[in-house]
Amino acid sequence: MIWLIVGLVLFLGVHSVRIVAPAWRQAQIEQRGLNAWKGIYALVSIVGFVILVWGYGIARQDPIVFWVAPAWMSHVVALLMLPASIFLVASQAPAGRIKAAVKHPMLLAVKIWALAHLLVNGDLASVLLFGGFLAWAVIDRISEKKRLRAGITSNPVAGPLKWDIIAVVGGLIFYVVFVAGLHKMLIGVSPIIGM
């Protein structure tokens, strides 16, 4: 369990610097340069992600179970993951109407993903992993609203419809690929019962 926690602290910690220490972040960028900061950020993110995936895999071998979800809950999760996939792709594309409407599609995708996975994973490691990501996404969204009110950031402006089409089609493709086998290959669990 310790490696999962270390990975979460590293990964979510580096993603929280802008929330908890914006002045320090800005000082690092000014001192080292933007590209150096991005390199450090990426390195810590990758190391944290690898450790948390490894730690989660270890923790799942001897789970502490709080609840067991009914079998039908996997269908609810499958339904929730569809918009999460679309929002994830929308977050990587230029702003269309979807991105402008939800403002931060990546954070919304993370919140939906984390909540959906908490519904079907009642073990301690999953509660730490998905609960940690859900808490981080909520806190980051609150922080983003404060930066918006302070005039530090701005919301995306609606762009051409083509970016929404790309987000929906790309999200559907991502979803189908994950459900059809990528989830089982990467995570070791099929999201659809009987597959």
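Not measured: the values here are computed from a predicted model. Residues take numbers from 1 onward in each chain, read along the sequence in its written order. In view of the model being predicted, local features appear only for residues whose pLDDT reaches at least 70, and side-chain atom pairs are presented and counted only at 80 or more, with totals across whole chains, interfaces and linings using the full set of residues. Working from all heavy atoms in the structure, the side-chain values ignore hydrogens and water.

1. Examining the overall build of the protein
Where helices and strands are cited, they refer to DSSP runs of H or I of at least four residues and of E of at least two residues respectively, numbered from the N terminus. When its secondary structure is counted, the protein shows 9 helices and 0 strands. For the protein, the succession of helices and strands along the chain, N to C, is α-α-α-α-α-α-α-α-α. Here the globule rule reads 2.2 Å times residues to the power 0.38, and the radius of gyration is calculated from C-alpha atoms. Against the globule reference of 16 Å for 195 residues, the protein gives a C-alpha radius of gyration of 18 Å, in line with a compact fold. Taken across its 195 residues, the protein has 37% of its residues classed as buried. Note on definitions: a residue-residue contact is assigned when non-hydrogen atoms from the two residues lie within 4.5 Å. Put simply, of all contacts in the protein between residues at least 6 apart along the chain, 73% involve residues at least 24 apart. For the protein, the computed accessible surface area is about 11100 Å², with 73% contributed by carbon and sulfur atoms. Summary of the burial criterion: residues with accessible area below 20% of their type's maximum are buried, those above 50% are exposed, and those between are partly exposed, where the area comes from a 1.4 Å probe applied to protein chains only. Methods summary: accessible areas were calculated by the Shrake-Rupley approach with a probe of 1.4 Å, and residue burial reflects only the protein chains presented.

2. Quick notes on the nonpolar core
In this text, buried Ala, Val, Leu, Ile, Met, Phe, Trp, Tyr and Cys residues form a nonpolar core when linked through side-chain atoms within 4.5 Å. Counting 17 residues, the largest nonpolar core has L4, L8, L52, L129 and F133 as the members making the most contacts within it. When contributions to this core are tallied by element, the ones reaching two or more residues are α1 (2-14), α4 (34-61), α7 (105-120) and α8 (124-149). For this core, the element with the highest residue contribution is α8, accounting for 6 residues. Apart from residues lying up to four places away in sequence, L4 is in contact with L52, G55, Y56, A125, L128 and L129. Core analysis: the second largest hydrophobic core is formed by 14 residues, A78, A84, I112 and Y175 among them.

3. Description of the packing of α4 against α8
Between the N-to-C directions of two axes lies an angle of 0 to 180 degrees, each axis being a line fitted to C-alpha atoms and, for a helix, fitted only over the stretch in contact. Where α4 contacts α8, the axes come no closer than 9 Å and their chain directions differ by 150 degrees. Our classification of the angle between α4 and α8 gives roughly antiparallel. From α4, L52, Y56 and A59 reach across to α8, where they touch A125, S126, L129, F130 and F133. Residue polarity follows a fixed list, in which Ala, Val, Leu, Ile, Met, Phe, Trp, Tyr, Cys and Pro are nonpolar, Asp, Glu, Lys and Arg are charged, and the others, Gly among them, are polar. Its residues assigned to classes, the contact of α4 with α8 shows 7 nonpolar, 1 polar and no charged. In this scheme, roughly parallel covers angles under 35 degrees and roughly antiparallel covers those over 145, while 65 to 115 is roughly perpendicular and the rest are oblique.

4. Quick notes on the environment of R147
Within the secondary structure layout, R147 lies in helix α8. Accessibility expressed as a relative area gives 9% for R147, which makes it buried. Here the alpha-carbon distance between R147 and N121, two residues 26 residues apart in the chain, equals 34 Å. Residue contacts for R147: discarding those within four places in its chain leaves R18, I19, D140, I152 and T153.

5. A short note on the packing of helix α5 (residues 73-92) against helix α9 (residues 161-187)
Between α5 and α9, the shortest axis-to-axis distance is 7 Å and the interhelical angle comes to 130 degrees. Here α5 lies oblique to α9, going by the angle between them. Between α5 and α9 lies a crossing whose hand is right-handed. Touching A78, L79, M81, L82, S85, I86, L88, V89 and A90 of α5 are I166, A167, V168, G170, G171, L172, F174 and Y175, all from α9. For the contact of α5 with α9, the class distribution of residues is 14 nonpolar, 3 polar and no charged. Left-handed is the label given to a crossing in which the near helix is rotated counterclockwise from the far helix by less than a right angle, and right-handed is the label when the rotation is clockwise.

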